[in-house]
Amino acid sequence: MSHAVSSAGSKLSSILPDTKKKRMIWGISIFVIAAVIIGIIIAMRPAKAQEAMPVVTVEPVEVSDVNIYGEYVGRIRAQQFVEVRARVEGYLQQMFFEEGTHIEKGQTLFIIDPTVYRARVQKARAQLNKAKANAQKAQRDLARIRPLFEQNAASQLDLDNAVAAYENANADVAVAEADLTQAELTLGYTSVTSPVAGDISERNADIGTLVGPSGKSLLATVVKADTVRVDFSMTALDYLTSKSRNVNIGQRDASRQWDPYVTVTLADGSVYPHKGLVDFASPQIDPKTGTFSVRAEMPNPDRILMPGEFTKVKLLMDVRKDAIEIPAKAVDIEKGAAYIYIVRPDSIVERRYVETGPEIENNIIVERGLAPGENIVVEGYHKLRHGMKVRPILQDSVSASASPVE
């Protein structure tokens, strides 16, 4: 019995090592098979595609002459605004014009009753004739006294009296002539004429009204508007900016190849076809507004511009020769500094600091930091960083076909 037990234990001990070996073999086999499967899966998986380079739109830097403008609110003013007034008193008799029409210089507009002034002319003329007659008598008396005095037939007193009477008579003639001239001038004032050519307003006095210095003297107004003046105001900053460029607003400069002309925008939004030149700038700044007055003269042959209307004025303030102008959207502003992205010939992006000047509509002038021929990024710089490689496309080819920059 004991022998049987011992033989069974020896068989069991011989069987256990074989079972462990089999399990180990199976485990190794499974691990190898799994590794092979994983390797096959990895080998069969497609390689990760290389990350695509960002595409950016670039524009070459060019130089050109850039006009710098300033925009202001202006007011149209007639070159001449003349009040037609009655210079003598009387009743208004006639009117010789149509209200609101164009009249010529010297054209008769009104007639004031001339009866009294014509009588004064006649009286002055009669006084002159009387003075001339007295002068002739005094001359004859002197001619008779002088020989008698030489013959001792007349005294010195008689001669002196004759000379004095002759001189007084001549003086009376001069006074009478002056009175006649004044009376004729006054009579001429009864015919009211236009001092300038232009458009006349409605009449301010009706026929039969007593007009004159003591009554209603303003009869009408004449506006000369074939040439108009445009008044607007500029700031002290505008003045300093102009002086920094040696531009004196309102003064002609023979060394300058351009003139500070103005254009105006009409009420319908269209631009007036004629240009005007600035001919005056106030020498002092108004302390209340911080501005100074500027005036430009502009032709108005078709009477399109109406005196008194407000308009938008665009003034040519400066011309930058060979300036670099780039789109404002290409400038990245960070902490008050301006940066742009340059694409080098090897397609590497460079972030560069630049000094900017004035803005013109959607563009901006670069004072320093750029050279002609360089390519700047105008679209897509938000996804860039310094040193990155990109695929640049010219701005002109974006709308047609996207072609990379060589």
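Residues numbered from 1 in each chain as written. Predicted model: local features only at pLDDT ≥ 70, side-chain atom pairs only at ≥ 80, totals over all residues. Heavy atoms only, no water.

K.L.:
Describe in detail the overall build of the protein chain, supporting the description with residues and values.
P.N.:
Each helix and strand in the protein chain was counted, giving 5 helices and 19 strands. Out of the 406 residues belonging to the protein chain, those deemed buried represent 32%. Here the protein chain has roughly 25,700 Å² of accessible surface; of this, 54% comes from carbon and sulfur atoms. (Helix = DSSP H or I, 4+ residues; strand = E, 2+ residues; numbered from the N terminus. Buried < 20%, exposed > 50% of the residue type's maximum accessible area, 1.4 Å probe, protein only. Areas by Shrake-Rupley, 256 points an atom, 1.4 Å probe, with all protein chains shown as cover.)

K.L.:
Can you lay out empty space enclosed by the protein for me, pointing to particular residues and giving the numbers?
P.N.:
Inspection of the entire model under this criterion finds 1 cavity of 30 Å³ or more. Volume-wise, the largest cavity comes out at about 60 Å³. Forming the walls of the largest cavity are Gly250, Gln251, Arg252, Arg256, Asp259, Pro260, Leu277 and Val278. In terms of residue class, the lining of the largest cavity is built from 3 nonpolar, 2 polar and 3 charged. (1 Å grid on protein atoms, 1.4 Å probe; cavity = no way out; pocket = protein on both sides within 12 Å on 5 of 7 lines; lining within 4 Å. Points joined across faces, edges and corners; volume = space filled by probe spheres on them. Nonpolar A, V, L, I, M, F, W, Y, C, P; charged D, E, K, R; others polar.)

K.L.:
So what about a nonpolar patch on the surface? Which residues, and what values?
P.N.:
Side chains of Ile33, Ile37 and Ile41 sit close together on the surface and give an oily, nonpolar patch of about 290 Å² of accessible area. With respect to the element layout, Ile41 can be found in helix H1 (residues 2–44). (Patch = residues over 30% accessible without salt bridge, like charges linked within 9 Å, V, L, I, M, F, W, Y side chains within 5 Å. Salt bridge = Lys/Arg side-chain N within 4 Å of Asp/Glu carboxyl O.)

K.L.:
Quick one: what's the story with the sheet that holds strand E3 (residues 90–95), residue by residue and with numbers?
P.N.:
Spatially, the 4 strands line up as an open sheet ordered E6-E5-E3-E8, and their pairing is antiparallel. Strands with a single pairing partner mark the edges of an open sheet, and in this sheet they are strand E6 (191–193) and strand E8 (210–211). (Pairing = 2+ DSSP bridges.)

K.L.:
Residue-level account of the packing of helix H2 (residues 115–150) against helix H3 (residues 156–188), with values.
P.N.:
H3 packs onto H2 with a crossing angle of 165° between their chain directions and a minimal axis gap of 7 Å. It follows from the interaxial angle that H2 and H3 lie roughly antiparallel. When the axes of H2 and H3 are compared, the crossing they make is left-handed. Residues of the contact of H2 with H3, tallied by class, amount to 21 nonpolar, 6 polar and 10 charged. (Axes fitted to C-alpha atoms, helices over the stretch in contact; angles between N-to-C directions. Parallel < 35°, antiparallel > 145°, perpendicular 65-115°, else oblique. Left-handed = near helix turned anticlockwise from the far one by under 90°.)

K.L.:
Kindly report on the pairing of strand E1 (residues 55–60), identifying the contributing residues and their values.
P.N.:
In this structure, E1 lies alongside strand E19 (residues 391–394), joined through 4 bridges in parallel fashion. Across the sheet, Val56 pairs through a bridge with Pro392, a residue of E19. As paired strands, E1 and strand E18 (residues 375–379) are joined by 4 bridges and run antiparallel to one another. Residue pairing across strands places Pro60 opposite Asn375, the latter belonging to E18.

K.L.:
An account of the nonpolar core is requested, with residue identities and associated values reported.
P.N.:
In terms of nonpolar packing, the biggest core is built from 29 residues, with Phe232, Met234, Val262, Val294, Met298, Leu305 and Leu315 touching the most fellow members. Those elements giving two or more residues to this core turn out to be strand E2 (63–85), strand E9 (218–235), strand E10 (261–265), strand E11 (276–281), strand E12 (291–299) and strand E13 (310–327). In terms of residues, this core owes the most to one element, E9, which gives 6 residues. Apart from residues no more than four positions distant in its own chain, Met298 is found in contact with Thr227, Val228, Val230, Val262, Val264, Tyr272, His274, Lys275, Gly276 and Leu305. With 19 residues, the next largest nonpolar core counts Ile103, Val192, Val211 and Leu219 among its residues. (Core = buried A, V, L, I, M, F, W, Y, C linked by side-chain atoms within 4.5 Å. Contact = heavy atoms within 4.5 Å.)

K.L.:
For the packing of aromatic side chains, give the residues involved together with the corresponding values.
P.N.:
One pass over the full model with this rule turns up 4 aromatic pairs. Centre to centre, the rings of Tyr72 and Phe232 are 5.6 Å apart; their planes meet at 20°, and the pair counts as stacked. In this pair, Tyr72 is assigned in strand E2 and Phe232 in strand E9, connecting sequence segments 160 residues apart. Tyr72 sits in the buried class, given a relative accessible area of 11%. Assessed through its relative accessible area of 3%, Phe232 is described here as buried. Pairing Tyr339 with Tyr353 gives two aromatic rings, centres 5.9 Å apart and planes at 65°, and the pair type is edge-to-face. Of this pair, Tyr339 sits in strand E15 (residues 337–343) while Tyr353 is found in strand E16 (residues 349–360), placing the two residues 14 residues apart along the sequence. With a relative accessible area of 47%, Tyr353 lands in the partly exposed category. Against the face of Tyr261 rests Lys275, its NZ or CZ located 4.2 Å from the ring centre. (Phe/Tyr/Trp six-rings, centres within 6.5 Å; stacked < 30°, edge-to-face > 60°. Lys NZ or Arg CZ within 6 Å of the ring centre and 35° of its normal.)

K.L.:
Can you explain the pattern of salt bridges? Please cite residues and give values.
P.N.:
On inspection of all chains with the given rule, the structure shows 21 salt bridges. Of the charged contacts in the structure, one is a salt bridge between Lys321 and Asp65, with a shortest N-O distance of 3.6 Å. With a gap of 256 residues between them, Lys321 in strand E13 and Asp65 in strand E2 connect regions that are remote in the sequence. Overall, the relative accessible area of 47% leaves Lys321 in the partly exposed class. Classification of Asp65 by relative accessible area gives partly exposed; the value is 45%. When the shortest N-O distance is used, the salt bridge between Glu367 and Arg320 registers 2.9 Å. With a gap of 47 residues between them, Glu367 in strand E17 (residues 363–368) and Arg320 in strand E13 connect regions that are remote in the sequence. Owing to a relative accessible area of 39%, Glu367 belongs among the partly exposed residues under this scheme.

K.L.:
So what about the layout of surface pockets? Which residues, and what values?
P.N.:
Considering only enclosed or pocket space, the largest pocket measures out at about 270 Å³ in volume. Forming the boundary of the largest pocket are 15 residues, of which Tyr239, Ile249, Ala281, Ser282 and Pro283 lie nearest the centre. For the lining of the largest pocket, the elements supplying multiple residues, two or more each, are helix H4 (236–244) and E11. Top contributing element to the lining of the largest pocket by residue count: E11, with 3 residues. The class makeup of the residues in the lining of the largest pocket is 8 nonpolar, 5 polar and 2 charged. Its volume calculated, the second largest pocket comes out at about 220 Å³. In terms of lining, the second largest pocket is formed by Glu59, Pro60, Val61, Glu62, Val63, Ser64, Glu325, Ile326, Ile376, Leu394, Gln395 and Asp396. Mapped onto the lining of the second largest pocket, the elements with two or more residues apiece are E1, E2, E13 and helix H5 (395–398). Taken together, the residues that form the lining of the second largest pocket break down as 6 nonpolar, 2 polar and 4 charged.

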